[in-house]
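Below, each chain spelled out in residue letters.
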Amino acid sequence: MNKKLGVYICHCGGNISDYVDVEQVKKAIESEEGVFLAKTTMFACSDSSQKEMVEDIKKNELDGIVVASCSPKLHLLTFRAVAERANINKYNYVHANIREQSSWAHSDDKTGATEKAVFLVKAAISKARYAESLEPIKIKSKKAVAVIGGGVAGMRAAIELSDMGCPVTLIEREPFVGGRVSQFDILFTTYETGKDLVTRLYNNLLARNNISVYTGAEVIENSGSIGDFKLTIKITPRYIMDRCNEGRLQKAIDACPVEVPDPFNFNITNRKAIYHNFPSEYPHKPVIDIENCTRCGECEKICESVDFSQKEEIIDINVGSVLMATGFDPYTPKDGEFGFNQINNVVTLPQFKRILALSNEPLIYNTRAIKHIAYIYCVGSRQVEGENKYCSRYCCTSVIHASIMAKKKFGNIFNYHFNRGIRTYGKQEVLYNESLKSGDVYLQSYEDDPPVVTQQGNKIVVTVNDILTGKKQMAVEADLVVLVTGMVPRADNSVGSLFKLPKGRDNFFNEIHMKLRPVETVIDGITISGACQGPKNILESSNSALSAATKSFSYVSKGELELEPIVAEIDKNQCTWCGACAEACPFDAIKKIKDGDKEIAMVNNSVCKGCGMCLPVCPTDVINLIAYSNREIESMIDALAGS
Amino acid sequence: MATINPDFGAELKKYGAFDFNACYNCGNCTAICSLSTEEDSFPREMVRFSVLGSTSDIKSSLKPWLCYYCGECSTHCPQVANPAELIMSLRRWLTAEYDWTKLSGVLYRSFAFTIIAFIIAALGVIGFGFAENFNMETIMLFGHKFEMIAIIAVFGIILLPNVIRMWWFIILKPKIKVPFIKYLTGIWELIVHMFTQKRALGCDDNQFRWFEHFILVIGYLALLFTTVALDWFSTGNLFIIILGYVESIIIFIVTVDFVLSRIKKNREISKFSMPSDWMFVIWLFLMGLTAFIVRLFIDTGIIKNNIWMYMFHLIILVQWALIIVPFGKWTHFLYRSFAMYFAKLKAA
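Source: prediction; values computed, not measured.

Colleague: I'd like a rundown of helix α13 (residues 207–228) of chain B, residues and numbers included.
Modeller: Residue and element names in this part refer to chain B. For α13, spanning 22 residues, the distance from its first C-alpha to its last is 31 Å, which sits close to the expected 32 Å at 1.5 Å a residue. Along α13, the positions that sit buried rather than exposed are Arg-209, Trp-210, Glu-212, Leu-216, Val-217, Gly-219, Tyr-220, Leu-223, Thr-226, Thr-227 and Val-228. Tucked into the core, α13 has its buried residues touching α10 (136–172), α12 (187–196), α14 (238–264), α15 (275–299), α16 (307–327) and α17 (332–347).

Colleague: Run through the interface of chain B and chain A, naming residues and quoting values.
Modeller: Contacts between the two partners involve 19 residues from chain B and, on the opposite side, 21 residues from chain A. It is Met1(B), Ile4(B) and Arg48(B) that lose the most area in chain B upon contact with chain A, and together they represent 30% of the buried surface on that side. At the boundary of chain B with chain A, the tally comes to 2 salt bridges. Asp57(B) serves as the salt-bridge partner of Lys472(A), at 3.1 Å between the closest nitrogen and oxygen. At the junction of chain B and chain A, the tally comes to 9 residue pairs in polar contact (both at pLDDT 80 or more). Listed by contribution, the elements that provide at least two residues to the side of chain B that touches chain A are β1 (2–3) and α3 (44–52) of chain B. With 5 residues, α3(B) is the largest single contributor of residues to the side of chain B that touches chain A. Residues that form the side of chain B that touches chain A fall into these classes: 10 nonpolar, 5 polar and 4 charged.

Colleague: Provide a residue-level description of the packing of aromatic side chains, including the pertinent values.
Modeller: Enumeration over the complete set of coordinates arrives at 39 aromatic pairs over all chains. Here the aromatic rings of Phe79(A) and Tyr93(A) are separated by 5.7 Å at their centres, their planes lie at 50°, and the arrangement is tilted. Linking Phe79(A) in helix α3 (residues 72–85) with Tyr93(A) in strand β4 (residues 93–97), this pair joins segments that are 14 residues apart in sequence. Taken as a pair, Phe79(A) and Tyr93(A) share a single burial class, namely buried. When the centroid spacing of 6.1 Å and the interplanar angle of 80° are considered together, the rings of Phe338(B) and Tyr341(B) count as edge-to-face.

Colleague: Tell me about helix α16 (residues 630–641) of chain A, and please be specific about residues and values.
Modeller: Residues and elements named next belong to chain A. A rise of 1.5 Å per residue sets the reference length of α16, with its 12 residues, at 16 Å; its end C-alpha atoms lie 16 Å apart and thus fit the reference within 8%. Among the residues making up α16, those that are buried are Glu-632, Ser-635 and Ala-639. Down the axis of α16, the smallest arc covering the buried residues is 70°, so these residues share one side. Each element contacted by the buried residues of α16 is listed here: α5 (110–130).

Colleague: Please provide a residue-by-residue account of the domain arrangement of chain B, values included.
Modeller: Residues and elements named next belong to chain B. Here chain B is described as being made up of domain 1 (8–98) and domain 2 (103–347). Between domain 1 and domain 2, the C-alpha centre-to-centre distance is 26 Å. Across the contact, 30 residues belong to domain 1 and 34 residues belong to domain 2. When the buried area of domain 1 at its contact with domain 2 is split by residue, Leu-62, Tyr-68 and Tyr-98 rank highest and sum to 27% of it. Inspection of the region where domain 1 meets domain 2 yields 2 salt bridges.

Colleague: I'd like a rundown of the sheet that holds strand β9 (residues 217–225) of chain A, residues and numbers included.
Modeller: Backbone hydrogen bonds are what pair the strands of a sheet, in a parallel or an antiparallel way. Residue and element names in this part refer to chain A. In space, the 3 strands of this open sheet follow the order β9-β10-β15, with antiparallel pairing throughout. Both edges of this open sheet fall to β9 and β15 (313–319), since each of them pairs with a single strand only. With strand direction ignored, the average angle separating the axes of adjacent strands in the sheet is 20°. Across 8 bridges, β9 lies against strand β10 (residues 228–235) in antiparallel orientation. Paired with Asn-222 across the two strands is Leu-231, which belongs to β10.

Colleague: Give me the lowdown on the sheet that holds strand β29 (residues 526–528) of chain A, citing residues and values where you can.
Modeller: All names here are of chain A. Read from one edge to the other, the open sheet built from 5 strands follows the order β8-β7-β6-β16-β29, with strand pairing classed as parallel. Two strands lie at the open edges of the sheet, namely β8 (211–214) and β29, each paired on one side alone. Between one strand axis and the next, the sheet turns through 20° on average, direction left out of account. Summarising the sheet, strand β6 (residues 145–148) and strand β7 (residues 168–171) pair through 4 bridges and their orientation is parallel. Considered in β7, the bridge of Val-145 is made with Val-168. Across the face of the sheet, helix α14 (residues 538–556) comes into contact with β6, β16 (321–324) and β29 while running at roughly 170° to β16.

Colleague: Hey, could you go over the domain arrangement of chain A for me, with residue numbers and the actual values?
Modeller: All names here are of chain A. For chain A, the assigned domains are domain 1 (5–134), domain 2 (145–235 + 312–327 + 496–556), domain 3 (248–302), domain 4 (331–488) and domain 5 (566–626). Here the C-alpha centre of domain 5 lies 33 Å away from the C-alpha centre of domain 2. Every contact between the two is made by 5 residues of domain 2 and, on the other side, 5 residues of domain 5. Taking both sides of the interface into account, the surface hidden between domain 2 and domain 5 amounts to around 430 Å²; carbon and sulfur atoms contribute 45%. Where domain 2 meets domain 5, there are 2 salt bridges. We note a salt bridge from Asp-588 to Lys-500, for which the minimum N-O separation is 3.4 Å. The tally of links between domain 2 and domain 5 comes to 5 residue pairs in polar contact (both at pLDDT 80 or more). Considered class by class, the residues forming the side of domain 2 that touches domain 5 number 2 nonpolar, 1 polar and 2 charged.

Rules behind the numbers
Residues numbered from 1 in each chain as written. Chains lettered and ligands numbered in written order. Predicted model: local features only at pLDDT ≥ 70, side-chain atom pairs only at ≥ 80, totals over all residues. Heavy atoms only, no water. Helix = DSSP H or I, 4+ residues; strand = E, 2+ residues; numbered from the N terminus. Expected span 1.5 Å × (residues − 1). Buried < 20%, exposed > 50% of the residue type's maximum accessible area, 1.4 Å probe, protein only. Contact = heavy atoms within 4.5 Å. Buried area = accessible area lost by both parts, 1.4 Å probe. Salt bridge = Lys/Arg side-chain N within 4 Å of Asp/Glu carboxyl O. Polar contact = N/O pair within 3.5 Å; in protein donor to acceptor, adjacent residues only side chain to side chain. Nonpolar A, V, L, I, M, F, W, Y, C, P; charged D, E, K, R; others polar. Phe/Tyr/Trp six-rings, centres within 6.5 Å; stacked < 30°, edge-to-face > 60°. Arc of directions from axis to C-beta. Domains from an automatic or database assignment. Pairing = 2+ DSSP bridges. Axes fitted to C-alpha atoms, helices over the stretch in contact; angles between N-to-C directions.

Quick look at the structure:
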């Protein structure tokens, strides 16, 4: 227990030494037990200081060091690395923060600041006396990634992972891949269709033998953790073995007597119980919607591939990381919100886009010839009162593009944009310019004074107090009102709950750090990409998919993971399982296990974050947090209390 | 409540406006304008009314007449929406709206119709000359009488009713109450602006342009007075003869500069020209030039053998008096000064 310690007290230029008398601190701690050498330094983090520390450690065969400087958030890792370079275990380094906690906090009281700094350094020395050498926890990591969601983000990520040589399981809940993008027609800026993008990605997927694609598949169970997720997948059958022979599929669809609203077209059209979304959907197999199918057998008579004997399948897979790409739902306005569901010809932006894609000249909706179209922006986004405070990013561009397309496709169309400020950021600004120059009218209002949609006889009238015209009330007689709805999280986001993924205030999945760790989640091994994280356009979804793929791959690429050894450990001889620790654990890292004939708690090292929440709730005090043992903490308290 | 009229943009384009839809309401134009004030801010508001097709707001507004086209707004417009040219077009459109005969609108919108009108006027003069056997004295006498009759008729039948219509749009229809005494006390404002265009001095770039325009107006009015009241072509008074020469020289020198600047497009105001703009400056130039030459022919005694010169002058005069003055750009002389008068009344 006679450790030889080196202590360094930093001036931090003057940040510390202007208020804390560092020489006095040095004198006060020099004679502490175990302190072999004590020095002050102008900048402990400078190259020369670091070199000096390495030399000191080597020459004097020190067992540990303490640096009293700034916040550990800034330089803990710097000085741990110094310890490693001097060939001592990095956990024998202890950090004392005498800048944020002393000099900056008490700049009005130099004597007090110095006194406090002395205590802080003494406490750090006490901890260093008991610090143990630790080795990182090593766990095996299965070199395979599950991608959940087969939209553009999911497919893009899967292709990238496959390129890196990582086997991928792509799990899509719908019977077809492509997600929301397959519902889009012509896209800005490339003028490809959504279908084109999906086709390209899907063909790319098929060309690879290390990607397995499951459609109609859902993750129903998860056990395990980073490096070793065990997922159970339920696969709903298509009830169709293969494509029907030439032309018979259409006949089978025609023969089906069931008609239900088609969610692919946002319920503006109906589909049959046997269906495909568009003639070249992926996979190239129609599907029977068994929930709505009456089993009348009409299709079976026509198409030999129909097979009602197919059974639900359950498969288990084992992967090292999970990449979430579950996408978004468009916001559905409430009944009566701008006349939605109450006034005819009030539709949402996704519906409008389907109407444009499906209609031929002239544009007619609900038997009404469409000439004047009013667009009401920010419906379900940027709500002052409602839940969705955020901007959905894509809608301004999307609706302006759609309105330009409407003019180009149908000619004599007049567009009126009731907006709250146009956000066609970046290259998308050219669309706004094009729209203005083509004569579209933009009217603007504040959030507290939105436009009003009313039905007056056969007319639909939209009025607004236009702030660009001195709040003058302006009215438009519209044939179609398009509510420019934003993005919301998937209505059924149960797969997130399965993994205990945290959600933000907006209910989208949350990253660890918005700027620096944008695709990682607090659940180790699970990354997020695309619009399941928040509103994104296709470009942004691809970007995040690529970074999530890289991050997920980094968890599995070496086949082994090194984890921080600072975790809780439970004395299994003394534990009598009461469950209090498991309840307190925010990461679900503690499980009940059988040890011989008694039940005890066990910590999953790969999930434990070393937060210490379990310690105070243990009635028998048998949990120890490595590197923060009772002995270490008590000795620090003693030092701080001056005893 | 006003209903948006999306067809107005297309209508206004026939009067020379273009690209004003590109406006994204930043307001740079209004900020840069040296004549815009907090109470009377323009041109953004006018651009906005034009985009929305809010014609009643435009008709009841004096703002298009408060602009003297320095063009700073167009120079600084980030969207190249040409607010200055839009305001110019609104002045043309308003001129057509004030005109009860609706002929102004037809002439502005159709160049073909304008040409036909000019040809008819020319043929009329030639036909008259033919009927009179090109008798020099009868024709010159008629020319002199025509001037007087035309002035009275054009004012009485066309211009006065149109100014009254302008008054109705601006004061009566919006129900602005103006005490009668103000109509009298405001007249000084009308006269000052009619003869000096002093508001134009407020444009930052405008001192020389204002001076050119000022002496052109004075020269034109003085020549009108000299030919009609002092009977320049028949007088023997040396002072009057020289006065007429000076006035006609001023007119054609200034108009030559105006025409050249429209060709060179070296100022914002001369960048875009409608047929009505060309006709106005060219005919004014021809008026000055032909009057000068006619008097020169008289003084050198060669007019008797060159009656065609007087015929040419008369054709220009008739086209000017019957087309450009009542229905063309000449009217801005009246509407601009009455706009200042009505602004004074509204302020009261």
